[in-house]
Each structure stands twice: as C-alpha cells, then as structure tokens.
Amino acid sequence: MAKSSKHLLLVLLLVLLLVATELQPTEAKPGPRPKPKPGPKPKPGPKPKPKPKPNPAPAPKRTCKSLSTKFQGVCIEDSNCANVCRTEGFTGGNCHDIIPQCYCTKLCNY
C-alpha cells in the first residue's frame with residue numbers, strides 16, 4: 001500500500017507541475033498600429049525667436065585658509081589673529097586647533 005500511495009503522490013505532483021506551467025499568464029502581443037489620417041498642413045510663418053538663456057550664476061567663492069607666518073605664541077583672540085593676517089595680505093583670520101594657532105583667511109576663485 002505504501003508503494004502505491006507514493007506513486008499516486010508522484011503522479012499528482014507531476015500533474016500539478018504540468019498544469020502550473022501551462023497556466024502561466026501570457027503577454028499581450030502588440031498588433032499593427034493604425035495609420036494616422038493625413039490632416040491639413042500647417043501654414044509656414046515666421047519662426048519664433050528663441051528665448052535668451054539666463055546667465056549662469058557665478059560660482060560661489062570659497063574661503064581659503066593658511067597658517068600665519070608672522071603670528072607668534074598661542075592664538076587666544078580672533079581679533080589679534082585677524083590684525084596680523086591683514087599685515088600678511090589676507091582679509092582676516094581665526095584661531096583653530098587643540099593648541100590654538102592663527103589661520104589667515106581670504107576668498108579664493110576656485
């Protein structure tokens with residue numbers, strides 16, 4: 001009895017497998033497209049002027065910084081650092097780092 005139930009189960013499984021593969025959804029195939037009806041031709045007229053392109057915004061300037069060569073000692077106040085940096089040709093300066101040092105700043109063009 002055990003052999004016949006195994007065979008029956010195997011046959012039933014094969015039938016289900018065949019039915020499942022046969023019942024897959026099919027994709028709709030596109031048919032021929034209808035040809036568009038010819039309509040009246042547009043009258044030639046003056047071509048419209050192209051819209052002027054807006055000028056691109058200028059690239060934002062970046063701030064460059066460099067360690068001051070003239071500042072001596074520990075940098076405590078930004079105003080002292082900025083004054084020394086102005087003598088070096090920069091626009092300002094700030095104190096940075098764990099042991100504060102004077103970094104001079106200016107606007108860059110890149």
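Residues numbered from 1 in each chain as written. Predicted model: local features only at pLDDT ≥ 70, side-chain atom pairs only at ≥ 80, totals over all residues. Heavy atoms only, no water.

Quick word on the packing of aromatic side chains
Each aromatic ring pair is specified by the distance between its two centres and by the angle formed by the two planes. Test applied: Here a Phe, Tyr or Trp ring, Trp counted by its six-membered ring, pairs with any other such ring whose centre lies within 6.5 Å, and the pair is stacked when the planes are under 30 degrees apart, edge-to-face when over 60, and tilted otherwise. Remark: a charge is flagged as sitting over a ring if the NZ atom of Lys or the CZ atom of Arg is within 6 Å of the ring centre and within 35 degrees of the ring normal.
Within the structure shown, the criterion is met by zero aromatic pairs. Over the face of the ring belonging to Tyr103 we find Lys65, whose NZ or CZ atom lies 5.7 Å from the ring centre.

Quick notes on the state of the cysteines
As a reminder of what qualifies: Disulfide assignment relies on a single distance test, namely cysteine sulfur atoms paired within 2.5 Å. For helices the rule is a DSSP run of H or I covering at least 4 residues; for strands it is a run of E covering at least 2, with both sets numbered from the N terminus onward. Here's how the labels work: a residue is buried when its accessible area is under 20% of the maximum for its type, exposed when over 50%, partly exposed in between, all with a 1.4 Å probe on protein chains only.
For the structure on display, the rule yields four disulfides. Between the sulfur atoms of Cys64 and its disulfide partner Cys108 the distance amounts to 1.3 Å. Here Cys64 is found in strand β1 (residues 62-67), whereas its partner Cys108 is found in strand β3 (residues 101-108), with 44 residues between them in sequence. Classification of Cys64 by relative accessible area gives buried; the value is 16%. Two residues, Cys81 and Cys102, share a disulfide whose sulfurs are 1.9 Å apart. Here Cys81 and Cys102 share a disulfide; its torsion about the S-S bond, 85°, makes the bridge right-handed. Residue Cys81 is located in helix α2 (residues 78-87), and its partner Cys102 is located in strand β3; the two are separated by 21 residues in the primary sequence. You'll find Cys81 and Cys102 in the same group, each marked buried. Cysteines bonded in the chain are numbered consecutively along the chain; their disulfide partners then correspond to 1-8, 2-5, 3-6, 4-7.

Let's talk about the nonpolar core
Our working rule: The definition of a nonpolar core used throughout is a set of buried Ala, Val, Leu, Ile, Met, Phe, Trp, Tyr and Cys residues joined through side-chain atoms within 4.5 Å. When checking whether two residues touch, look at their non-hydrogen atoms; a contact exists if any pair is within 4.5 Å.
In terms of nonpolar packing, the biggest core is built from eight residues, these being Phe71, Cys75, Cys81, Cys85, Phe90, Cys95, Cys102 and Cys104. Looking at this core, the elements that each hand over two or more residues are α2 and β3. Leave out the neighbours within four places in its chain, and Cys95 touches Cys75, Ile76, Glu77, Asp78, Cys81, Pro100 and Gln101.

Observations regarding α2
Selection criterion: To be clear, the arc concerns the directions from the helix axis to the C-beta atoms.
Along α2, the residues classified as buried are Cys81, Ala82 and Cys85. Relative to the axis of α2, the buried residues are bounded by an arc of 100° and lie together on one face. Those residues of α2 that are buried are in contact with β2 (92-96) and β3. Positive backbone phi, at 95°, marks Gly89, one or two positions downstream of α2.

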